[in-house]
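Breakdown of the fold
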Amino acid sequence: MEDLQNWLEDLLELQSTDSRLDRMKEQISSAPKQKKEAQDNLDAQQAAAVEAKDEVRKVELKIKELATDVEKLEAQRQKVLEQSTSVKDNNTYRAMVDEAESLKDKISDKEDEELLLMEELDGVKEVFKSKQALLKEAVNRVEQMMGDLDTRVSNCEKQVGILEEKRKEQAEKIDPELLTKYTRLKSSHGGRKVALVELNGDKCGYCHLKLTAQEINLASKRVVMTTCANCGSLIYK
Ligand SMILES: [Zn+2]
């Protein structure tokens, strides 16, 4: 049983490799989610820019409509004024001048409205410009991020290959029964970070339950692999 101390060292080394493998795999598996989040964010910025552009178009259209209205009213007014010059009847003439006057008021109202819309147009154009700038920034950022993520994933995949080779060699040195115990424990509850745990004073380093004096004694002697009665962790001191 003199080998046990080596087992312990071997198993600790294996566990260290497994921890690194876990981290690498976590990086790889989290990449698609991170990419999707970045893409969703970009899509939202894109939608905001499109929406801002639509606002600009809407206001521009309203201004165009108003300008057309003004043109029509002006033509109408000119026609009335022209016709009034050939009217002989005084009352009819008066009525036509009044009509021309009322058309002028309408034109004036439309022009006021147009001015307000011009101001609104400046505002929505500013909004569009800022949304566009944000979008451009987001496109650059996301492009960079996607590239970085791809690099990270490919680096991690290389590391996983190397570490798995290493793990295989390390695992071969370990007693099969112990290895099975370790592996089963490590993958229990959807996978835990460590299976082999150092004693923390007189407590299990994983679940913090107090161990018996006999268990502590065994753990320090390292002659038999001690197990925490509560969480099943392999204990050493
Ligand atoms: Zn425990």
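This structure is a prediction, so every number in the text was calculated from the model and none was measured. (Residues numbered from 1 in each chain as written. Predicted model: local features only at pLDDT ≥ 70, side-chain atom pairs only at ≥ 80, totals over all residues.)

What follows covers the overall build of the protein. Secondary structure summary: the protein contains four helices and three strands in total. In sequence order, the secondary structure elements of the protein are arranged as α-α-α-β-α-β-β. Here the C-alpha atoms of the protein give a radius of gyration of 40 Å, more than 25% beyond the 18 Å that 2.2 N^0.38 yields for 237 residues. Taken over the C-alpha atoms alone, the protein extends approximately 130 × 35 × 20 Å along its principal axes. Residue burial in the protein is summarised as follows: out of 237 residues, 14% are buried. A separation of at least 24 residues holds for 71% of the contacts in the protein among residues at least 6 apart in sequence. (Helix = DSSP H or I, 4+ residues; strand = E, 2+ residues; numbered from the N terminus. Rg over C-alpha atoms; globule rule 2.2 N^0.38 Å. Buried ≥ 20, exposed ≤ 12 C-beta atoms within 10 Å, placed from the backbone. Contact = placed C-beta atoms within 7 Å.)

Take the domain arrangement of the protein next. Parsing the protein into structural domains produces domain 1 (22–172) and domain 2 (175–237). For domain 1 and domain 2, the distance between their C-alpha centres works out to 62 Å. (Domains from an automatic or database assignment.)

Attention now moves to the environment of Q39. Within the secondary structure layout, Q39 lies in helix α1 (residues 4–84). For the pair Q39 and E143, spaced 104 residues apart in sequence, the C-alpha separation works out to 9.6 Å.

Along the chain, the position of E37 falls in helix α1. For E37, a count of 12 C-beta atoms within 10 Å corresponds to the exposed category. The spacing of E37 and V142 is 105 residues in sequence and 9.9 Å in space, taken between C-alpha atoms.

In this section: helix α2 (residues 90–172). For α2, built from 83 residues, the straight-helix expectation of 123 Å at 1.5 Å per residue is met to within 8% by its first-to-last C-alpha distance of 118 Å. When we look at burial in α2, the residues that qualify are L103, K110, F128, K131, C156, L163 and Q170. (Expected span 1.5 Å × (residues − 1).)

Even without glycine at this site, H208 takes up a positive phi of about 65°. Locating H208 in the fold gives a position in the loop between β1 (196–198) and α4 (213–221). On the basis of neighbour count, H208 is assigned to the exposed category, with 12 C-beta atoms found within 10 Å.

With that settled, consider the sheet that holds β1. Taken together, the three strands give an open sheet; going across it, the order is β1-β3-β2, and neighbouring strands pair in mixed fashion. Here the strands that pair on one side only, and so sit at the sheet edges, are β1 and β2 (226–227). Relative to strand β3 (residues 234–236), β2 runs antiparallel, the two sharing two bridges. Bridge pairing links T227 to L234 in β3. (Pairing = 2+ DSSP bridges.)

The next point concerns the nonpolar core. In a soluble, globular protein the nonpolar side chains are often hidden away together inside. Judged by nonpolar contacts, the single largest core of 16 residues is most densely connected at Y182, L196, V197, C204, L234 and I235. Sorting the residues of this core by element identifies α1, α3 (176–187), β1 and β3 as the ones contributing at least two each. A total of three residues in this core trace back to one element, the largest contributor, which is β3. With residues near it in sequence (within four places) discarded, C204 still touches V197, L209, L211, C228, N230, C231, S233 and I235. (Core = buried A, V, L, I, M, F, W, Y, C linked by C-beta atoms within 7 Å.)

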